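As a plain string of letters, each chain reads:
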Amino acid sequence: MSGLVAYWLPGLRAAMDPPTARCDTVAMSVTTEQPNRELPFFSETRQEIQPGLTVALTDYVAQAAVSGSMESPGDSEFIHLNCILEGRFQACIRDVRMQYGGGDLSMGYSDGEVFSMPVGQRFRNLAVMATPDKLWELAGDELTVLRLADRPRFFVRNAGYHLDVARQAEQLAIRLSQGGDSRLRLHAAVLDYLHWLLSAFREPAAAVTTISERDRRRLYLARDRLLSDLSQPPTLAELASETGLNQYKLKNGFRALFGTSVYALFQQQRMQAARALLRRHNVTETAVMMGYSNVSHFSAAFRKQFGVLPRDLRG
């Protein structure tokens, strides 16, 4: 299990807390309150695109209600370029505490540093993993702009939430998990994703830096409230009232911090949840659970998000 953890984690971001925030605890082993229950596990679909360049889709699922934490060494071979597809994540590496949710982009190199994370949570992540030499071969000029050293040591960077890149990540994840694509098409899709993810790191951060720390935390609270029930979104007035932000700050803050509007973010995450439900339920059942009274409206929204109808995904 620790090997699979090590493949995923190094590219994390410290979004909710400042980078200097220290981890409260570091677990030395996996512990649970109910040792007879099954521990969480990782499933992974991984494909080497060329030597030094790999794409991986990781799904961490808690098999039962467990609590505690686990520790694992990080990866010392690859730079990881990540996009969270589903769920929420928190972990500690070095002295940095990290928390983030679906659609967040990150890039990092753990340099073998040990990390710890709670068990009993769930997330899906897409990672393009490249050795430093390969990444410089593919994107040297872009990395110079980002001031990334060709022989990096431990680093973690984040680009926040980017809806367009998250959609591309989901399309790449579908290609990888379903198979059937030619090697050349998958190679092209990986390079395209890599280009757009690095572009997200180059975007000016001026709009974000003008948001006060107080408002930033309220915006993250607003995002959590928005996504707490994906079958029925709160109104803007309700969201503003509950978080202490006026509607102007709410709407503009979402665009600056998360790169999208309030309801575009809700719909993107709603379709991600629907995609997960379709693994166990038919299209009509999924539509109802997602708050749709009209199955055709659900199918149209799903196709807009993923480029396929929900029945095709199940088939």
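What you are looking at is a predicted structure, and each value in this text was computed from that prediction instead of being measured.

## Looking at the overall build of the protein chain
Looking only at helices and strands, one finds 12 helices and 9 strands in the protein chain. Expressed as a percentage of its 315 residues, the buried residues of the protein chain come to 50%. When contacts within the protein chain are restricted to residue pairs at least 6 apart in sequence, those whose partners lie at least 24 apart make up 78%. Looking at the protein chain as shown, the accessible area adds up to about 14,800 Å², and 49% of this sits on carbon and sulfur atoms.

## With respect to the confidence of the model for the protein chain
A residue-level look at the protein chain finds 77% of positions with pLDDT of 70 or above and a mean pLDDT of 76. When pLDDT is averaged over each helix and strand of the protein chain, the minimum, 37, is found for helix H1 (residues 2-8) and the maximum, 94, for helix H10 (residues 283-289). In the model, residues 1-40 has pLDDT below 50 throughout and makes 130 contacts with residues more than four positions away in sequence or in other chains.

## Comments concerning the side chain of Thr286
Of note, Thr286 is situated in helix H10. Taking relative accessible area as the criterion, Thr286 reaches 0% and is therefore assigned buried. Among the polar contacts made by the side chain of Thr286, one reaches the main-chain carbonyl oxygen of Asn282 at a distance of 2.9 Å. Those residues in contact with Thr286 that sit more than four places away from it in its chain are Ala274, Leu277, Leu278, His281 and Phe298.

## Observations regarding the packing of helix H6 (residues 213-226) against helix H7 (residues 236-243)
Axes are the key here: two packed helices are described by the angle between their axes and the distance separating the axes. At a closest axis distance of 10 Å, the pairing of H6 and H7 adopts a crossing angle of 130 degrees. In terms of their interaxial angle, H6 and H7 are classed as oblique. Crossing of H6 over H7 shows right-handed handedness. Two secondary-structure elements touch here, H6 through Arg218, Leu221, Ala222, Arg225 and Leu226 and H7 through Leu239, Glu242 and Thr243. Classifying every residue of the contact of H6 with H7 by side-chain character gives 4 nonpolar, 1 polar and 3 charged.

## A word on the pairing of strand E8 (residues 123-130)
For E8, a buried count of 8 out of 8 residues is recorded, marking the element as mostly surrounded by other parts of the structure. Of the two faces of E8, the one holding Phe123, Asn125, Ala127 and Met129 and the one holding Arg124, Leu126, Val128 and Ala130 are both buried throughout. Two elements, strand E4 (residues 79-93) and E8, share 8 bridges in a ladder whose sense is antiparallel. Among the inter-strand pairings, Asn82 is bridged to a residue of E8, identified as Ala127.

## Digging into the side chain of Arg218
As for its position among the elements, Arg218 is in helix H6. For the buried Arg218, which has no salt bridge, the nearest side chain bearing the opposite charge is Asp215, at an N-O separation of 4.8 Å.

## Looking at helix H3 (residues 163-178)
In this model H3 runs 22 Å from its N-terminal to its C-terminal C-alpha over 16 residues, within 8% of the 22 Å that 1.5 Å per residue would give. Where H3 is concerned, the buried positions are Leu163, Val165, Ala166, Ala169, Glu170, Leu172, Ala173, Ile174 and Leu176. Following H3 by one or two positions, Gly179 has its phi on the positive side, about 70 degrees.

## A few points about the pattern of salt bridges
A complete count under the given rule lists 8 salt bridges for this structure. Linking Arg124 and Glu170 is a salt bridge whose minimum nitrogen-to-oxygen distance equals 3.6 Å. You can see Arg124 sitting in strand E8 and its partner Glu170 sitting in helix H3, a full 46 residues away along the chain. Glu170 gets classed as buried once you look at its relative accessible area, which sits at 0%. One continuous salt-bridge network, built from bridges that share partners, spans Arg124, Glu170 and Arg275.

## Looking at the packing of aromatic side chains
Evaluated as defined, the whole model comprises 3 aromatic pairs. Look at Phe298 and Phe302: their rings are 6.0 Å apart centre to centre, the planes differ by 50 degrees, and that puts the pair in the tilted class. In this pair, Phe298 and Phe302 are both assigned in helix H11 (residues 295-306), 4 residues apart and thus about one turn of the helix distant. Like Phe302, Phe298 is buried.

Definitions and cut-offs
- By convention here, each chain's residues receive numbers from 1 onward along its written sequence.
- Under the rules for a predicted model, residues below a pLDDT of 70 receive no local features and side-chain atom pairs below 80 are neither given nor counted, while totals for whole chains, interfaces and linings still include all residues.
- For side-chain calculations, the full set of non-hydrogen atoms in the structure is used, while hydrogens and water are omitted.
- Here a helix means four or more residues in a row that DSSP labels H or I, a strand means two or more in a row labelled E, and each is numbered from the N terminus.
- Only protein chains enter the accessibility calculation, which uses a 1.4 Å probe; a residue is then buried when its area is under 20% of its type maximum, exposed when over 50%, and partly exposed in between.
- Throughout, a contact is declared for two residues whenever any of their heavy atoms are within 4.5 Å.
- Computed with a 1.4 Å probe, the accessible areas rest on the Shrake-Rupley method; for each residue, only the protein chains presented here act as cover.
- Residue-level confidence of the predictor, termed pLDDT, takes values from 0 up to 100.
- Two N or O atoms form a polar contact when they lie within 3.5 Å of each other; inside protein one atom must be a possible hydrogen donor and the other a possible acceptor, and for residues adjacent in sequence the pair counts only when both atoms belong to side chains.
- Whenever a helix is involved, its axis is fitted only over the stretch in contact; in every case the axis is a line through C-alpha atoms, and angles between N-to-C directions fall within 0 to 180 degrees.
- Comment on the angle field: the value is read as roughly parallel under 35 degrees, roughly antiparallel over 145, roughly perpendicular from 65 to 115, and oblique elsewhere.
- Note: crossing handedness is left-handed where the near helix turns anticlockwise from the far helix by less than a right angle, and right-handed where it turns clockwise.
- Gly counts as polar in this scheme, as do all residues outside two lists: the nonpolar Ala, Val, Leu, Ile, Met, Phe, Trp, Tyr, Cys and Pro, and the charged Asp, Glu, Lys and Arg.
- Following DSSP output, two strands are said to pair if at least two bridges run between them.
- Charge convention: Lys and Arg are scored as positive, Asp and Glu as negative, and His as well as the terminal groups of each chain are ignored.
- Every case where a carboxyl oxygen of Asp or Glu lies within 4 Å of a side-chain nitrogen of Lys or Arg is listed as a salt bridge.
- The span one expects for a helix is its residue count, reduced by one, times 1.5 Å.
- Aromatic pairs are defined between Phe, Tyr and Trp rings, using the six-membered ring for Trp, whenever the two ring centres lie within 6.5 Å; interplanar angles under 30 degrees are classed as stacked, those over 60 as edge-to-face, and all others as tilted.

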